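# An overview of the molecular structure
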Amino acid sequence: MINLQDIRDTARNMLAKNEVRGVIGYRRSTNGMLAEPVIITSPEQADELIWDPTCFHNLSLYLVEDRKFLAHTRAKSDKPIAIIAKGCDARSTVVLMQENYFERKDVYIIGASCEGTGVVDERKLARKGIVATNSAFDGDDFVFTTAQGEQRIPAREVMADRCLECREPFPKEHNIALGENKTGRQLEAPFTALKRFEELDPAARWEFWDRQFERCIRCFACRSVCPMCYCDECVVDSTSFPVTGQTTAEEKANRVRWVERSATRAENMTYHMTRVLHLAGRCVDCNECERVCPVNIPLRLLNNKMEREAREQFGYEPGASIGGPSLTASFLDTDPGKFIR
Amino acid sequence: MSEQQAETTTDYEPRIVAFLCKWCSSAGSDLAGVSRIQYPANATPITVPCTGSISPNYILSALKKGADGVLVSGCHIGDCHYIEGNFLARRKIHLVKELLGFVGVEQDRFRMSWVSAAEGAKYSQVIKDFVDDLRPLGPQTKVKADRS
C-alpha cells in the first residue's frame, strides 16, 4: 500500500527545496469522488494531492503540455518537472524520451506502483450502480464511501480492462518509487479482450467496425488525451496550408487532404486507422482514448492488435527502454515476409 | 467461356493502384511493356522513390478513393537502393495488412510483392494473379468514401 503522506511529503520537500518546477499529480475534482490531474507549484499545495483508485488519467500527457507551453513562451527550464507515474504513465514517459521529446534530466519520475489493484473503470462502476463520494485502496479490494456507508468491492470487478491485463504495474523507470513491486501479477492473460474479438469471422468483424466507425463524431477527444499525439500539425488537420491572396481556388481545392473533415464512415475509418498506425509501437495501452470517447468506440482493440503484432512478430515491447530503437524505424532480418509474393 | 464468367468480366473491372519502386518494380513494369508481355490493364502505376517511403496513408487513401485493390511492389530484400528501405517497408506493410484484415477488409485487397527490374514476366504474373483474386470479391465498398 502506498501511504498518501509519502506522496505529499515527497512533493512538498522537492518544491520546498526548489528542486523541481512543479509536480504533476492528482487532486479531488468537483465531480464526486473522481480525481483530476493537477500541477502544483508551491509546497503548500502538496496537501491537495491524493492517491486513490480513481487516479486513472495518464499524467504523461501533461509533460507534453508542459513542454509545448515552454516552447510557446520561449521559457528556459533549468529544473525538471516531477510527475507521479503509475506503471503505464512511466512507460509512456519512456516512449516520449525515446523519441527525444524531452530528456531524462527534464523529468523527475515519482513512481507509484499500482500493486495488486490498478485503477477503476468508471463505466464498470456505473453499471454496478455505485455512487460514491470517496474511494480507497485496501489490499485487493476497493473501498467506496457511499450514502449507505462503506462498500467493499473486490478490485477485479470494477478494475479497468487494461489493469486486469497489465504486465507491468510497477513503474520501472523512476527516480523514486513508492509501493510494492508486484510486476507479473497479471489477473488476466494479456490481450484477452482482443482474443475474444478475433474469434469472430471477418464479416462479423466488419459489421462491428462498420457500426463503430459510423458512430464516431470526430470530436478528436482520443487525439487530445493521447500523450503520443503530440504532433504540432496532425495529418487530419492540414492547418499549415498557407492561404494567401495569390492562392487560387484550384490550389485550395486540390491541396492534399488525407482525411476530410466530414464525419462519415469512410473518413472516420481512415482517421482511426491512421491514428492506430501512428501509434503502433508507441501506444503503451493506457487506454485513455477509449475512456474519453463520448460514443464508447472500443479503440483499445485496435491499439491492442498493433501491440500484439509488434510483440509477437517483431519482438517489440513499447516503452521498454529509453535508448532502444523504435518499431517502425528499425527492422530485423527475421521479420515476417511470407505474405510478400 | 461460361455465361457467369462473361457476366463478371463485363460488369466489373477491378481497379488496382500499384505503388511501384522507382529502382526496380517500375522498371520491371517497363520491361513487361517493351517485351510485349500481355497482362491486364487494371493497374494504375504510381512510381515512388522507395517502398520504404510509402506511408500507410497512401494505401488508406487509395482505398478511400475507390481502389479495389492496392499493390505495393519493391526490390528484393538486400537489393534496396537505399540499403534498408524495403526492410522498413516490410514491417510497416505487415502492420497495415494486419490492421485491414482485423477490421474485416478482405485480405486479398492488399498485396505486396518483390519485383526486380529484370522481372517483367513476374510483374505481369503478379498483376494477373491480383486481378484474378479481386474479381470474385467485387467492388470495394468498405473503405470507399460515399460521395453521393
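Residues numbered from 1 in each chain as written. Chains lettered and ligands numbered in written order. Predicted model: local features only at pLDDT ≥ 70, side-chain atom pairs only at ≥ 80, totals over all residues.

### Thoughts on the domain arrangement of chain A
Residues and elements named next belong to chain A. We note that the domain assignment places domain 1 (1–188) and domain 2 (189–318) within chain A. Of note, the centres of domain 1 and domain 2, computed from C-alpha atoms alone, are 26 Å apart. At the junction of the two partners, domain 1 supplies 18 residues and domain 2 supplies 18 residues. Looking at the side of domain 1 that touches domain 2, the elements with two or more residues in it are α2 (60–73), α3 (87–98) and α6 (161–164). When residues in the side of domain 1 that touches domain 2 are grouped by element, the largest group, five residues, is from α3. Tallied by class, residues from the side of domain 1 that touches domain 2 come to eight nonpolar, four polar and six charged. (Domains from an automatic or database assignment. Contact = placed C-beta atoms within 7 Å. Helix = DSSP H or I, 4+ residues; strand = E, 2+ residues; numbered from the N terminus. Nonpolar A, V, L, I, M, F, W, Y, C, P; charged D, E, K, R; others polar.)

### Quick word on the confidence of the model for chain A
Interpretation of the predicted coordinates at a detailed level should be avoided for regions scoring low in pLDDT. For chain A, per-residue confidence averages 91 on the pLDDT scale, and 99% of positions sit at 70 or higher. Per-element confidence in chain A is highest for strand β3 (residues 81–85) of chain A, whose mean pLDDT is 96, and lowest for helix α10 (residues 249–254) of chain A, whose mean pLDDT is 86. (pLDDT = per-residue confidence, 0-100.)

### So, the interface of chain A and chain B
Taken together, the 30 residues of chain A in the interface contact 31 residues of chain B. Breaking the side of chain A that touches chain B down by element, the ones donating at least two residues are α8 (202–215), α11 (265–279) and α13 (299–314) of chain A. Here the side of chain A that touches chain B takes eight residues from α11(A), the largest share from any one element. Split by residue class, the side of chain A that touches chain B holds 18 nonpolar, six polar and six charged.

### Let's talk about α8(A)
Residues and elements named next belong to chain A. End to end, α8 covers 20 Å across 14 residues, agreeing with the expected 20 Å (1.5 Å per residue, within 8%). Turning to α8, its buried residues number three or more, namely W209, Q212 and F213. Looking straight down α8, one finds its buried side chains confined to an arc of 95°; they lie on one side. Along α8, the residues that are exposed and aim more than 90 degrees away from the buried face are A203, A204 and R211. Close packing links the buried residues of α8 with α11. (Expected span 1.5 Å × (residues − 1). Buried ≥ 20, exposed ≤ 12 C-beta atoms within 10 Å, placed from the backbone. Arc of directions from axis to C-beta.)

### Digging into the sheet that holds strand β5 (residues 132–138) of chain A
Paired through backbone hydrogen bonds, the strands of a sheet run either parallel or antiparallel to each other. Residues and elements named next belong to chain A. Pairing in this open sheet of three strands is antiparallel, and the strands run β5-β6-β7 from one edge to the other. In this open sheet, the two edge strands, each paired with only one partner strand, are β5 and β7 (149–154). The average undirected angle you get between the axes of adjacent strands in this sheet is 25°. Of the strand pairs in this sheet, β5 and strand β6 (residues 141–146) are connected by six bridges, and their pairing is antiparallel. Each residue of the ladder has a partner; that of N134, found in β6, is T145. (Pairing = 2+ DSSP bridges. Axes fitted to C-alpha atoms, helices over the stretch in contact; angles between N-to-C directions.)

### Focus: the packing of α13(A) against helix α4 (residues 85–102) of chain B
Following both chains from N to C, one finds α13(A) and α4(B) inclined at 135°, their axes separated by 10 Å at the closest point. One element, α13(A), and the other, α4(B), form an angle in the oblique class. Every pair of crossing elements has a handedness; the one defined by α13(A) and α4(B) is right-handed. Contact residues: K305(A), M306(A), E309(A), Q313(A) and F314(A) in α13(A); R91(B), H94(B), L95(B), E98(B), L99(B) and F102(B) in α4(B). Considering only residue class, the contact of α13(A) with α4(B) consists of five nonpolar, two polar and four charged. (Parallel < 35°, antiparallel > 145°, perpendicular 65-115°, else oblique. Left-handed = near helix turned anticlockwise from the far one by under 90°.)

### Considerations on the pairing of strand β4 (residues 110–114) of chain B
Residue and element names in this part refer to chain B. The element β4 is largely enclosed, with a buried count of five among its five residues. The side-chain alternation of β4 yields two buried faces, one formed by F110, M112 and W114 and the other by R111 and S113. Note that strand β3 (residues 69–74) and β4 share five bridges and pair parallel. The residue bridging G74 from the neighbouring strand is W114, located in β4. Considered for its hand, the β-α-β crossover made up of β3, α4 and β4 is right-handed. (Right-handed = clockwise from strand over helix to strand, strands pointing away.)

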